[in-house]
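Chains, contacts and geometry: an overview
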Amino acid sequence: MVIQILGDIKFQITLDPSTWIFDDRKITLEDALKAEHDDDSILFSDNTEWNRQIIEGSSKPPTLKSEKKYKNSQLLEETFIIKLDTFLEYTEPERGEDAMITYTHDEGTTILPYNERSTHYAQFSIDGKRMYDDNMIDLVIISDNNIETRLQHVTGISIN
């Protein structure tokens, strides 16, 4: 199954958590809880210099910044999450930063501010296995390197 992001938005997005194991944006839950994250940002003063650095091999293009290579054994053993903010931003809510996100899950519904989306992660695997038989996710809110909230078995997302 897939999760659709619906609501008062310009673009409806369909999320397929079963494909995220192949997505370069995934990270391990352990890495997300670490105090320091690696930052391989490229610093340049103009596009000409940046292009020269890439051609000569002294810098990595920005598309390589997020690519993380995991050994096959890690894919079968680790717990992975993916940040939801990019997907939520693609929807372009009509109310902008004032929008609210409603997550439907096993315990009912939870409404959270859209402007806090950078702390929202979808956990789609645990110990190398998918979370649920129907491919749904847990929403994990990470703040100050700790899991602040966990919403189990999220089946719907709406932005209003």
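Thresholds, definitions, all that
- Residues numbered from 1 in each chain as written.
- Predicted model: local features only at pLDDT ≥ 70, side-chain atom pairs only at ≥ 80, totals over all residues.
- Heavy atoms only, no water.
- Helix = DSSP H or I, 4+ residues; strand = E, 2+ residues; numbered from the N terminus.
- Buried < 20%, exposed > 50% of the residue type's maximum accessible area, 1.4 Å probe, protein only.
- Polar contact = N/O pair within 3.5 Å; in protein donor to acceptor, adjacent residues only side chain to side chain.
- Contact = heavy atoms within 4.5 Å.
- Pairing = 2+ DSSP bridges.
- Axes fitted to C-alpha atoms, helices over the stretch in contact; angles between N-to-C directions.
- Salt bridge = Lys/Arg side-chain N within 4 Å of Asp/Glu carboxyl O.

Before going further, it helps to examine the side chain of Q123. Summarising the element assignment, Q123 is placed in strand β7 (residues 120-123). Residue Q123 is classed as buried on the basis of its relative accessible area of 2%. In this structure the side chain of Q123 is engaged in a polar contact, spanning 3.3 Å, whose partner is the backbone oxygen of S125. Within polar-contact distance, the side chain of Q123 engages the side chain of R150 at 2.6 Å. Not counting the four nearest positions on each side in its chain, Q123 is found in contact with L29, T79, F80, I81, M131, I137, D138, V140 and R150.

Overall, antiparallel pairing links the five strands, which are arranged β3-β4-β7-β10-β11 in an open sheet. Edge positions in the open sheet fall to β3 (27-28) and β11 (146-154), since each of these has one partner strand only. Two elements, β3 and strand β4 (residues 80-83), share two bridges in a ladder whose sense is antiparallel. Paired with I27 across the two strands is I81, which belongs to β4.

Overall, mixed pairing links the five strands, which are arranged β2-β1-β12-β5-β6 in an open sheet. In this open sheet, the two strands that pair with only one neighbour each are β2 (13-15) and β6 (108-113). On average, each strand axis in the sheet is tilted by 25 degrees relative to the strand beside it, whichever way the strands run.

Moving on: the pairing of β11. Pairing between strand β10 (residues 137-143) and β11: six bridges, direction antiparallel. Across the sheet, residue I141 finds its bridge partner in β11, namely T149. In this structure, the hairpin formed by β10 and β11 is closed by a connection of two residues, where D144 is found at a positive phi of approximately 50 degrees.

Now for the pattern of salt bridges. Here the idea is simple: oppositely charged side chains can pair when their charged atoms come close. Under the definition given, this model contains six salt bridges. Between R117 and E89 there is a salt bridge whose closest N-O contact spans 3.1 Å. Of the two residues, R117 sits in the loop between β6 and β7 while E89 sits in helix α4 (residues 85-90), which places them 28 residues apart along the sequence. Taking relative accessible area as the criterion, R117 reaches 11% and is therefore assigned buried. One salt bridge in this structure joins D138 and R150, with 3.2 Å as the shortest N-O distance. A residue pair is termed long-range when its members are at least 10 positions apart, and D138 in strand β10 and R150 in strand β11 qualify at twelve residues. Three or more residues joined by partner-sharing salt bridges are found here, namely E89, E97 and R117.

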